[in-house]
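Observations on chain architecture
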Amino acid sequence: MNRHHHYDVLVAGGGPAGLSAALAAAQGGLRVALLERSKEIGYPIHTSGGSWIQDLRHLGIPDRFMHPIRTGRFLAPAAQATFHYDEPVSCILDVRGLYQHLAVLAAQAGAEIFPATRVTSVIVSQEKPCGLRAGQAGEFFAPLLIDATGMVGLLARELGLREPPQRYGLGAECDVVAADWPADTIALLVGSLVGPAGYGWLFPHGDGRVRIGVGLLHPDTAAQPEPALQALLEKLRRGKIHDLRLSAVSAVEYHTGAIPASPPLRRTSADGLLVVGDAAGLIATLVGEGIRFGIELGRLAGTVAVAAHHCGRFDAAFLARYDRQWRARYGRMFQRMAFANRRLARYGDQAWNEKIQLLARFPAAAIPPLLRGEWHAAALHQALWQNRRHLQRSFLQRWAGKARAPAGPAG
């Protein structure tokens, strides 16, 4: 049996970034192999699946994978803010369904997907990467590798682009049947409602099912998310959080996951290598959102791979165009969100109560750009200006000074 396999591009990891990179590369005519350690794409689930409808539609994601949300609630121990949207702007994703959809698209474009194939190491020749070892599956060779191995960052670590993560979020989540929870309402919980340096969530996604989870930032806290999740579930059963109460909670699934909580890698490309998704730290750390960035920037990596083959260039200088392009679009936003993430992790109950009380003064239109990192948006600037006297000691203070006074009403 031939245990040596030759391709144009090798992708390690079958999450949204890896699948999207494989799709774009295959659409460009390249022979692509994607190696995924799990036995099936989209399982186990490591994310709660919150995202934004307009971005997903722009990326061509079908609406059938989006469960629309019309109401968002922010809850601190002694404060709350609620926002309603007649036209939904956010959604909770069918994570497994979406990932398998991306896999089907990649396979239809010609990519070969190998589930249950764990990459163990990078093959290096003449000081340059040239392939991947994958246990009993054999050795796979290609002049260009794409690291989509998530928090592990296996390829990037072996090739000297990253160290073990120093700051990261750990999450635990139950997917429960809770028919009395409103199907179009999410809740985000902070402070001692969930634990230090983190937040909790209730995300409905259809059929009376709700993802209830807790994410905690390490090393900001030594607390673990699993006991914090059990404590949150007990509070919900007993009606100990504002007006929230779930009369019956029966678990269907249990998920755990980890996400980076630092700015992106300084370099996400090197000789024969591109790094995408969580492996590169390309996520919005304010709320731990990575799926839409994984899809968009994974496609970018696949497009750069096609250009590299057309030019016969796999050197670091050529592949650095990948870094330049994603940084031009999202670099400043990722940096700002990482800064905000660190500030928020230090908040205690008093600070959270004050911030949620302030947030309640904002119009609903200002909340999506705040969470999306679009801090230049007119609706957010107007809210900041109108509440400028209340912004002292807030993590928004530095941006309030940059908001210009809105023009007065016509006439």
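Overview of the structure. Note that the structure is a prediction, hence the values are computed from the model and not measured.

Here's the deal with the overall build of the protein
- For the protein, the count of helices and strands is eleven helices and 20 strands.
- With the principal axes as the frame, the protein shows a C-alpha extent of 65 × 55 × 40 Å.
- Within the protein, the fraction of its 411 residues that count as buried is 54%.
- When contacts within the protein are restricted to residue pairs at least 6 apart in sequence, long-range pairs at least 24 apart make up 68% of them.
- Accessible surface, the protein as shown: approximately 18,200 Å² in total, 50% of it carbon and sulfur.
- The average position of the 45 basic charges and that of the 33 acidic charges among the side chains of the protein differ by 7 Å.

A closer look at the pairing of strand β16 (residues 198-206)
- Most of β16 is tucked away, with eight of its nine residues classed as buried.
- Sheet topology note: the β16/strand β17 (residues 209-218) ladder contains eight bridges and is antiparallel. Residue pairing for β17: Gly198 is matched across the bridge by Leu216.
- Taken together, β16 and the strand that follows it, β17, pair antiparallel across an intervening segment of two residues, in which Asp207 is found at a positive phi of about 60 degrees.

A look at the sheet that holds strand β8 (residues 90-93)
- Across the sheet, which stays open at both edges, the three strands sit in the order β4-β8-β5 with antiparallel pairing between neighbours. Of all strands in the sheet, those bounded by a partner on one side alone are β4 (50-52) and β5 (66-69). Taking each pair of neighbouring strands and ignoring which way they run, the sheet shows an average axis angle of 40 degrees.
- Sheet topology places β4 next to β8; three bridges connect them, and they run antiparallel. Each bridged residue has a counterpart across the sheet, and for Gly50 the counterpart in β8 is Ile92.

A word on the sheet that holds strand β6 (residues 71-76)
- Strand order in the open sheet made by the seven strands is β7-β6-β15-β16-β17-β14-β18, with mixed pairing throughout. With partners counted over all chains shown, the strands left at the sheet margins are β7 (79-84) and β18 (250-260), one partner each. When strand polarity is set aside, the average angle formed by the axes of neighbouring strands in this sheet is 15 degrees.
- Most of the contacts of helix α8 (residues 349-359) go to β7, to which it runs at about 30 degrees, and overall it touches β6, β7 and β15 (185-190).

Examining helix α5 (residues 225-238)
- Spanning 14 residues, α5 covers 20 Å between terminal C-alpha atoms, matching the ideal 20 Å at 1.5 Å per step.
- Taken residue by residue, α5 has Pro225, Ala228, Leu229, Leu232, Leu233 and Leu236 as its buried positions. The buried residues of α5 occupy one face: seen down the axis, they fall within an arc of 140 degrees.
- Each element contacted by the buried residues of α5 is listed here: β14 (168-177), β15, β16, β17 and β18.
- Positive backbone phi, approximately 65 degrees, marks Gly239, located one or two places after α5.

What to know about the packing of aromatic side chains
- Using the criterion set out here, one finds ten aromatic pairs in the structure.
- Aromatic side chains Phe74 and Phe83 sit 5.9 Å apart centroid to centroid with 75 degrees between the ring planes, which places their arrangement in the edge-to-face category.
- Its relative accessible area of 12% is what places Phe74 among the buried residues.
- Between Tyr199 and Trp201, the ring centres sit 5.5 Å apart and the planes meet at 55 degrees, which makes this aromatic pair tilted.
- For Tyr199, a relative accessible area of 25% puts it in the partly exposed group.
- Feature note: the residues Phe293, Trp326, Tyr330 and Phe334 constitute an aromatic cluster, connected by ring pairs.
- Cation over ring: Arg321 sits above Phe318, and NZ or CZ is 3.9 Å from the ring centre.
- Across the ring face of Tyr347, the terminal group of Lys355 is positioned such that the distance to the ring centre comes to 5.0 Å.

Some remarks on the environment of Thr185
- Among the secondary structure elements, Thr185 is positioned in strand β15.
- Between the C-alpha atoms of Thr185 and Gly72, which are 113 residues apart in sequence, the distance is 5.7 Å.
- Contacts of Thr185, omitting those with residues within four sequence positions, involve Ile69, Thr71, Arg73, Leu202 and Pro204.

Comments concerning the packing of helix α1 (residues 16-27) against helix α6 (residues 291-311)
- Orientation of α1 relative to α6, taken along the N-to-C sense of each, is 35 degrees, at an axis distance of 7 Å. Handedness of the crossing formed by α1 with α6: right-handed. On the side of α1, the interface is formed by Pro16, Ala17, Ser20, Ala21, Ala24 and Ala25, while α6 contributes Ile291, Gly294, Ile295, Gly298, Arg299, Gly302, Thr303 and Val306.

Looking at the side chain of Ser51
- Note that Ser51 resides in strand β4.
- Excluding residues that lie within four positions of it along the chain, Ser51 makes contacts with Leu56, Ser90, Cys91, Leu93, Glu289 and Arg292.

Thoughts on the environment of Asp147
- Position of Asp147 among the secondary structure elements: in strand β13 (residues 144-147).
- Asp147 gets classed as buried once you look at its relative accessible area, which sits at 0%.
- For the pair formed by Asp147 and Val275, sequence separation is 128 residues and the distance between their alpha carbons is 4.7 Å.
- Sequence-distant contacts of Asp147, defined by excluding residues within four places in its chain, comprise Ala12, Gly153, Leu154, Leu155, Ala156, Leu273, Leu274, Val275, Val276 and Ala279.
- Here the side chain of Asp147 touches Ala156 through a polar contact of 2.7 Å, landing on its backbone nitrogen.

Quick look at the packing of α1 against helix α3 (residues 95-109)
- Viewed as axis vectors pointing N to C, α1 and α3 meet at an angle of 20 degrees, and their least axial separation amounts to 8 Å. Relative to α3, α1 is oriented roughly parallel. When you trace α1 past α3, the crossing you get is left-handed. Facing α1, whose interface residues are Pro16, Leu19, Ser20, Ala22, Leu23, Ala26 and Gln27, α3 presents Tyr99, Leu102, Ala103, Leu105, Ala106 and Ala109.

What counts and how
- Residues numbered from 1 in each chain as written.
- Predicted model: local features only at pLDDT ≥ 70, side-chain atom pairs only at ≥ 80, totals over all residues.
- Heavy atoms only, no water.
- Helix = DSSP H or I, 4+ residues; strand = E, 2+ residues; numbered from the N terminus.
- Buried < 20%, exposed > 50% of the residue type's maximum accessible area, 1.4 Å probe, protein only.
- Contact = heavy atoms within 4.5 Å.
- Areas by Shrake-Rupley, 256 points an atom, 1.4 Å probe, with all protein chains shown as cover.
- Lys, Arg positive; Asp, Glu negative; His and termini not counted.
- Charge placed at Lys NZ, Arg CZ, Asp CG, Glu CD.
- Pairing = 2+ DSSP bridges.
- Axes fitted to C-alpha atoms, helices over the stretch in contact; angles between N-to-C directions.
- Expected span 1.5 Å × (residues − 1).
- Arc of directions from axis to C-beta.
- Phe/Tyr/Trp six-rings, centres within 6.5 Å; stacked < 30°, edge-to-face > 60°.
- Lys NZ or Arg CZ within 6 Å of the ring centre and 35° of its normal.
- Left-handed = near helix turned anticlockwise from the far one by under 90°.
- Polar contact = N/O pair within 3.5 Å; in protein donor to acceptor, adjacent residues only side chain to side chain.
- Parallel < 35°, antiparallel > 145°, perpendicular 65-115°, else oblique.

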